[in-house]
Amino acid sequence: MRAFSDCHPAAVAVCLLCAALPPMVSMNPVLLLTALTGGLLLLLVRRGATGAFLLSSAGLFLLLAMINPIFSHKGETVLLVINDRPITAEAILYGFAASASVLSALFLFRSFTQIMTSDRLLCLTGMLSPKTALLLSSALRFVPLFSAQAGRVRAARRGMGLARPDSPAARFRENTAVLSTMVTWSLENGIVTADSMAARGYGVGKRTQAGLFRFRRADGAVILLSLLLTLPTLVGMMSGQLAYSYYPALSGIPLSLPAAAAYLSFGLLSLMPAALELRGIVKWNFLQSRI
Amino acid sequence: MMVLKNERLRKLLGQLLPVLILLVAVLGSILPFERAGLLASLITAILSLLLFVTGFEKKKTGSRRMVLVAVMTALSVIGRFIPLVKPVTALTVLTAIRLGGEAGFLTGALSALISDFWFGIGPWTPFQMLAWGMIGRIAGWLAEPLKKHRAALVAYGAAAGVLFSMIMDVFTVLWYSGGFDPSLYAAAIVTALPHTLLYSVSNVAFLLLFERPFGRKLERIKRLYDV
């Protein structure tokens, strides 16, 4: 079994989306805390978060939590009254829940962005539409190509003594000239690329895709497991077994059997990416230590 | 390894999608979920993007046209790195009126997706893709007046900035509070006002700045290479 980030892109996407969905939809505090922990653990295991990021997310967490009591004055436990508007404990707690919901998705999607490199995303897009994947891959390739070409155009203009960036107006004119050259060049270059593609038989047969990622049995297992583990939570949310209300007073945390099953399965689902990743890292270090 | 290798399956998906979108939209408004609004809007956005992609997949598009769309996408992705002012909308609109609404949709949606590789993919990505895509698609429908009258172009650029900001604010509110709360939405719009203003002004500025040179270059390429 490989680390989580080395799994097939489809497995990574399904697993992370399954884990990100319940905390976005449900306001159940148990689910929210579980999701927050899972997302944070995955970031930490992958060393995907800098101290600055963690600090700013803590700030964002508090900031978002404060928005709700400003706008919502429902709830019966009044803590203080500002401008004839009651600030209630329930509204503050709801604010914390909403900000946990936003933060857990931010954490999970940060890992998602780090794991889903462009080749992985292309593989995913290619499954749905090879044509869009082709468009995406050519655009992705053009970005660095154009940046490099802009540098060459700039250097050439400097070499010819055309660039005199001594005043803002002159700099603006210089940038406009570079851009103009760039656009003409990139459009022409695009046509050449297209003709070259056509000469090699683009559009003649069915489009296939080079498979960089092999779909192994373990990937299928990850997908199946993710879907199965989401099921109890989904059922719990649909049937209202997981419902938790903040207004007018906090309801008790639902603890029925279906709710407990949902907590357990969602807990496993949230921990799965971090656990698989950790397993991969430990195995890699172990193998390296034997060399 | 491809899940949807099956052509028939893909075609079926294309036919099913419009029904699915309606179903989700209706279900979202009646299901007793706590935060059904967010879920429904997210799924609707993703399905709408899929619907467009399946339609695009079915059509035959010449390779020259495809590559031109990729070129415009790359240019607007590079443009999104300019601090504060973003020429993405302007380039999307210009692509749409010169190369057609479909090209406009693709340029807008793909620029959002690709630039989010750098700025972070998240639940907001489908909304951004859809918002920028629709700005391009609508510009494609309005291509004739936009090409002829500069005033129309200016008005469209300003409106697109406001529209983009308002769509993204809907998402922000939905994400935070689950349902649609008018007072939160009003607050979000007010807080985003400087950004909205900046979007609109930079859209108009870039459109005015780029319209003639880009239009000329694109028309030249179209005439020269018969795209």
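Residues numbered from 1 in each chain as written. Chains lettered and ligands numbered in written order. Predicted model: local features only at pLDDT ≥ 70, side-chain atom pairs only at ≥ 80, totals over all residues. Heavy atoms only, no water.

Turning to the overall build of chain A, a few remarks are in order. Looking only at helices and strands, one finds 9 helices and 2 strands in chain A. Along chain A, helices (α) and strands (β) appear in the sequence α-α-α-β-β-α-α-α-α-α-α when read from the amino end. For chain A, whose C-alpha radius of gyration is 26 Å, the value lies well above the compact-globule estimate of 19 Å for 291 residues. Oriented by its inertia axes, the alpha-carbon framework of chain A measures out at about 75 × 60 × 45 Å. Looking at the 291 residues of chain A, the share that counts as buried comes to 47%. Counted over contacts in chain A with a minimum sequence separation of 6, partners at least 24 positions apart contribute 73%. Total accessible area computed for chain A in this model is approximately 14600 Å², and 68% of it derives from carbon and sulfur atoms. Charged side chains of chain A number 25 positive and 11 negative; the gap between the two group centres comes to 11 Å. (Helix = DSSP H or I, 4+ residues; strand = E, 2+ residues; numbered from the N terminus. Rg over C-alpha atoms; globule rule 2.2 N^0.38 Å. Buried < 20%, exposed > 50% of the residue type's maximum accessible area, 1.4 Å probe, protein only. Contact = heavy atoms within 4.5 Å. Areas by Shrake-Rupley, 256 points an atom, 1.4 Å probe, with all protein chains shown as cover. Lys, Arg positive; Asp, Glu negative; His and termini not counted. Charge placed at Lys NZ, Arg CZ, Asp CG, Glu CD.)

At 3.6 residues per turn, the α-helix brings residues three or four places apart onto the same side. Look at helix α5 (residues 101-119) of chain B: 26 Å from first C-alpha to last across 19 residues, which is about the 27 Å you get at 1.5 Å a residue. G120 of chain B lies just past α5 of chain B and shows a positive phi near 105°. (Expected span 1.5 Å × (residues − 1).)

Moving on, we get to the packing of aromatic side chains. Residues and elements named next belong to chain B. One pass over the full model with this rule turns up 18 aromatic pairs over all chains. Aromatic pair F81 and W118: ring centres 5.5 Å apart, planes at 80°, arrangement edge-to-face. Here F81, found in the loop between α3 (63-79) and α4 (88-99), pairs with W118, found in helix α5; they are 37 residues apart in sequence, far enough to count as distant. A residue is classified by how much of its surface remains accessible, and W118, at 47% relative accessible area, is partly exposed. (Phe/Tyr/Trp six-rings, centres within 6.5 Å; stacked < 30°, edge-to-face > 60°.)

Bringing the packing of helix α6 (residues 130-159) of chain A against helix α7 (residues 168-199) of chain A into the picture now. Residues and elements named next belong to chain A. At a minimum axis distance of 9 Å, the contact between α6 and α7 shows a crossing angle of 135°. The angle between α6 and α7 falls in the class oblique. α6 and α7 meet at a crossing whose hand is right-handed. Only E174, N175, A177, V178, T181, M182, W185, S186, N189 and M197 of α7 make contact with α6, whose side of the interface consists of L134, F142, L145, F146, Q149, A150, V153, R154 and R157. Here the residues of the contact of α6 with α7 are counted per class, giving 11 nonpolar, 5 polar and 3 charged. (Axes fitted to C-alpha atoms, helices over the stretch in contact; angles between N-to-C directions. Parallel < 35°, antiparallel > 145°, perpendicular 65-115°, else oblique. Left-handed = near helix turned anticlockwise from the far one by under 90°. Nonpolar A, V, L, I, M, F, W, Y, C, P; charged D, E, K, R; others polar.)

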